[in-house]
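A look at the structure
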Amino acid sequence: MFPAFGLLSLGVAATAMGNAKGALQAFIDLASAKKSQGSRKTLGDRATIHSETARMMAAFRAARAYLHDEIELTWNVALNSEDIPVERRAALRMACTHMVRTGAETCRSCYDLGGGMALFEASDLQRRFRDSHAMTQHIVTAPATWELTGRLLFGLPTDASMV
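Everything in this summary refers to the structure shown in the same document. (Residues numbered from 1 in each chain as written. Predicted model: local features only at pLDDT ≥ 70, side-chain atom pairs only at ≥ 80, totals over all residues. Heavy atoms only, no water.)

Section: the side chain of Thr106
Along the polypeptide, Thr106 turns up in helix α3 (residues 86-114). Setting aside its immediate chain neighbours within four residues, Thr106 contacts Ala20, Leu24, Met56 and Phe60. (Helix = DSSP H or I, 4+ residues; strand = E, 2+ residues; numbered from the N terminus. Contact = heavy atoms within 4.5 Å.)

Quick word on the layout of surface pockets
Within this model, the largest pocket holds a volume of roughly 150 Å³. Along the walls of the largest pocket sit Arg93, Ile139, Ala144, Thr145, Glu147, Leu148, Arg151, Thr158 and Met162, which together make up its complete lining. Considering every element that reaches the lining of the largest pocket, the biggest residue donor is helix α5 (residues 144-153), with five residues. Class assignment of the residues belonging to the lining of the largest pocket gives a composition of four nonpolar, two polar and three charged. (1 Å grid on protein atoms, 1.4 Å probe; cavity = no way out; pocket = protein on both sides within 12 Å on 5 of 7 lines; lining within 4 Å. Points joined across faces, edges and corners; volume = space filled by probe spheres on them. Nonpolar A, V, L, I, M, F, W, Y, C, P; charged D, E, K, R; others polar.)

Description of the packing of helix α1 (residues 4-33) against α3
Following both chains from N to C, one finds α1 and α3 inclined at 20°, their axes separated by 8 Å at the closest point. By the criterion of interaxial angle, the relationship of α1 to α3 is roughly parallel. For the crossing formed where α1 meets α3, the hand is left-handed. Its residues placed into classes, the contact of α1 with α3 shows 18 nonpolar, six polar and one charged. (Axes fitted to C-alpha atoms, helices over the stretch in contact; angles between N-to-C directions. Parallel < 35°, antiparallel > 145°, perpendicular 65-115°, else oblique. Left-handed = near helix turned anticlockwise from the far one by under 90°.)

Brief notes about the nonpolar core
If you look at the biggest cluster of nonpolar residues, it comprises 33 residues, and the most contacted ones within it are Phe27, Leu67, Met99, Cys110 and Leu125. Residue assignment for this core shows that the elements contributing at least two residues are α1, α2 (47-80), α3 and α4 (124-135). Counting residues per element, this core draws most heavily on α1, which supplies 12 residues. Beyond its immediate stretch of four places on either side in the chain, Phe27 contacts Ile49, Thr53, Met56, Cys110, Leu113, Gly114 and Leu125. (Core = buried A, V, L, I, M, F, W, Y, C linked by side-chain atoms within 4.5 Å. Buried < 20%, exposed > 50% of the residue type's maximum accessible area, 1.4 Å probe, protein only.)

As for the environment of Gly114
Mapped onto the secondary structure, Gly114 falls in helix α3. Residue Gly114 is classed as buried on the basis of its relative accessible area, which comes to 0%. Sequence spacing of Gly114 and Ile28 is 86 residues, and the spatial spacing of their C-alpha atoms is 9.4 Å. The contacts of Gly114, once residues within four sequence positions are left out, are Phe27, Leu30, Lys34 and Leu125.

Section: the environment of Glu82
Mapped onto the elements of the fold, Glu82 is located in the loop between α2 and α3. Linking Glu82 and Phe2, residues 80 residues apart in sequence, is a C-alpha distance of 8.5 Å.

Observations regarding the packing of α1 against α4
Packing of α1 against α4 leaves a shortest axis separation of 9 Å and a crossing angle of 155°. The angle between the axes of α1 and α4 places the two elements in the roughly antiparallel class. In the packing of α1 onto α4, the handedness of the crossing is left-handed. For the pair α1 and α4, contact is made by Val12, Thr15, Ala16, Gly18, Asn19, Gly22, Ala23, Ala26, Phe27 and Leu30 and by Asp124, Leu125, Arg128, Asp131, Ser132 and Met135, respectively. Across the contact of α1 with α4, the residue classes break down as eight nonpolar, five polar and three charged.

No statement about biological role is implied by the geometric values presented.
Following this line, the structure appears as structure tokens:
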């Protein structure tokens with residue numbers, strides 16, 4: 001049986017992944033058109049924006065690949081066993097939490113780089129920034145998940161009922 005908390009955390013992680021992907025595209029669209037006051041260049045013409053966008057995209061893609069890998073490993077165990085070991089459940093929860101946290105970092109970076117235009121309520125970047133940080137507070141992806149899964153990595157006695 002697929003773990004209930006793993007399934008719930010997958011929903012939050014999938015939402016975070018889509019939100020971060022949307023933030024990256026919204027930032028690229030904004031940077032391709034936005035010119036700072038008194039400048040002829042768009043944000044997208046600047047080397048610093050190129051490198052930051054590439055860094056954000058790499059971090060996002062790495063988190064997505066890690067999440068997909070852990071989903072596949074857990075799914076394969078679920079297909080062949082009635083019980084999924086706590087170590088496998090913890091690995092899935094870590095990947096989900098990592099995706100949510102990476103998604104929030106991506107949205108924050110897009111928001112920061114978007115400048116004043118990202119500040120307004122009408123901005124897609126403002127909404128994605130806010131939503132991404134709300135997801136980091138969900139019980140299945142909150143910072144306490146690191147402690148819970150970290151205890152298991154150290155082999156310490158742990159109440160694994162929420163893993």
